[in-house]
Amino acid sequence: TRQDEKNRKVVIGLDLTDEYAQISYFFLNQDEPDTLKAFQGEKYNVPVCLLKKSGVNQWYYGEQALRGEQENKGVLVSNLLKLAHESDVVTVDGVEVGAVALLALFVKKCLGTLSMVLEGDEVEGLMITVEEFQEKTAQIMEQLKDSIPYEKEKVFVQCHAESLFYYVMNQDKELWNRDVAVFGFYERKLYSYLVCVKRKSLPQVVTIQREEYEQFILPSNQEIEQNPEAVYRYMDKKFLEILENFTRGKLLNTVYLIGTEFEKEWYKDSVAFLSKTKRIFGGSNLYSKGACYGGKEKRTPGNITEHYLFLGNDKLKCN
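Here the residue index of a chain counts from 1 through its sequence in written order. Residues qualify for local features only when their pLDDT is at least 70, as the model is predicted, and side-chain atom pairs are given and counted only at 80 or more; totals for whole chains, interfaces and linings, by contrast, use all residues. Values shown for side chains rest on all heavy atoms present in the structure; no hydrogens or waters enter the calculation.

## Describing the environment of K43
Logical step 1: The way it works is that DSSP assigns letters per residue, a run of H or I at least four long becomes a helix, a run of E at least two long becomes a strand, and they are numbered from the N terminus. Checked against the element boundaries, K43 lands in the loop between β3 (34–35) and β4 (46–47).
Logical step 2: Through-space distance from the C-alpha of K43 to that of S284 is 9.6 Å; in sequence the pair is 241 residues apart.
Logical step 3: Setting aside its immediate chain neighbours within four residues, K43 contacts K37, A38 and E63. Any two residues having at least one pair of non-hydrogen atoms within 4.5 Å are treated as being in contact.

## Re the nonpolar core
Logical step 1: Formed by 43 residues in total, the largest nonpolar core has its most connected members in L16 and F106.
Logical step 2: At the level of elements, β1 (9–16), β2 (20–27), β6 (59–61), α3 (80–86), β8 (89–92), α4 (99–112), β10 (122–130) and α5 (135–145) are the ones that each hand at least two residues to this core.
Logical step 3: Once residues within four sequence positions are removed from consideration, F106 is found in contact with L16, A21, V46, P47, V48, C49, L50, Y61, G62 and L80.
Logical step 4: The next biggest cluster of nonpolar side chains, apart from the first, holds 30 residues, and it includes F165, L175, W176 and V182. Here, nonpolar core refers to any group of buried Ala, Val, Leu, Ile, Met, Phe, Trp, Tyr and Cys residues whose side-chain atoms link them within 4.5 Å. Using a 1.4 Å probe on the protein chains alone, a residue whose accessible area is under 20% of its type maximum counts as buried, one over 50% counts as exposed, and one in between counts as partly exposed.

## A word on the layout of surface pockets
Logical step 1: Size it by volume and the largest pocket reaches roughly 610 Å³.
Logical step 2: Put simply, the grid is 1 Å and covers the protein atoms alone, a cavity is a trapped set of points that fit a 1.4 Å probe, a pocket is an open set with protein on both sides within 12 Å along at least five of seven lines, and lining residues have an atom within 4 Å of a point. Together, 28 residues line the largest pocket, and E19, Y20, N45, T260 and E261 are the ones closest to its centre.
Logical step 3: Elements with a contribution of two residues or more to the lining of the largest pocket: β2, β4, β12 (179–186) and α10 (286–299).
Logical step 4: Residue contributions to the lining of the largest pocket peak at three residues, all from β12.
Logical step 5: When grouped by side-chain class, the residues that make up the lining of the largest pocket number 10 nonpolar, 10 polar and eight charged. Grid points are joined across faces, edges and corners, and a volume is the space filled by probe spheres set on the points. Polarity classes work like this: nonpolar for Ala, Val, Leu, Ile, Met, Phe, Trp, Tyr, Cys and Pro, charged for Asp, Glu, Lys and Arg, and polar for all others, with Gly in that last group.

## Some details on the packing of aromatic side chains
The relative placement of two aromatic rings is captured by the distance of their centres and the angle of their planes.
Logical step 1: Aromatic rings from Phe, Tyr and Trp, with only the six-membered ring used for Trp, were paired whenever their centres fell within 6.5 Å, and each pair was classed as stacked if the ring planes differed by under 30 degrees, edge-to-face if by over 60, and tilted otherwise. All chains considered together, the criterion is met by 21 aromatic pairs.
Logical step 2: Consider the rings of Y25 and F27, whose centres lie 5.9 Å apart with planes at 80 degrees: the pair is edge-to-face. For the pair formed by Y25 and F27, the shared burial category is buried.
Logical step 3: Judged by centre distance (5.4 Å) and plane angle (70 degrees), the rings of Y191 and Y193 are edge-to-face.
Logical step 4: A network of ring pairs unites the aromatic residues F183, F185, F216, F239, F246, F262, W266 and Y267 as a single cluster.
Logical step 5: Note on criteria: charge over ring means Lys NZ or Arg CZ within 6 Å of the ring centre, with the direction from the centre no more than 35 degrees off the ring normal. The aromatic ring of F27 is capped on one face by R8, whose charged end is 3.9 Å from the ring centroid.
Logical step 6: Taking the ring centre of Y191 as reference, the NZ or CZ of R210 above it sits at 4.4 Å.

Keep in mind these values describe shape, not function.
In structure tokens form, the structure reads like this:
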């Protein structure tokens, strides 16, 4: 009935980094999450920044904040997650503001956009996923819970690697019956994840190994605009070298190329190399969807919790 449709339970996944925020939402009566598009566009990512309008207590976030800075409307504050890790108080337009309070304001504004799609629905859980989970991150998130409009016991935090775990394990089993690789960029640097399932233990243990590649730094937009053909050719060559070394001796059948950096098809030779033996997927919402799957598993434990155990760097490794 129409009333039943308005009382659906939903889990929210918030991918939060210093560069972008992204929201996915997962109705528990559906098969997979959807990702919220940023307002006034088709992009998923919201720039993580706030702008305080000069002289008044009025704040903008995301693209509005960036436009406000260009129009000299106020003071822009970026790197909100990093600020919360490094400072207690920040001075903005002559006013002292708590660094965690700024992050909380940004998160609340992001979550507020969900009203467009979740009117009348019950939020069963919120999973925030961050690039790396540290002790300071846990402290920040505990403070953040006081400002989030959901019950504390429904708010969780996990790192990107754990979100990747939940995403992969919710795909068709034929995609992860061997090891799975993920490539992406963080702060313009290429990184990889290798997902391995150790099937002889009970429960089956899943480990994820991260590697960064100092030799592959994403060129600036200015460098690309000056000579795109030469720059893309160079990038493809470097990426192919990394892939050849990475895949050597490994049993892989699935590779994910994630992030907006892969939307431009500069990696033709690299894709040709992978497509000979691997299944390749792209996209930029893997972590927020993985956060949804993780939040669902926290609130209503199912097959994954029963049969698989993720051992990440932030997990206790005692039997």
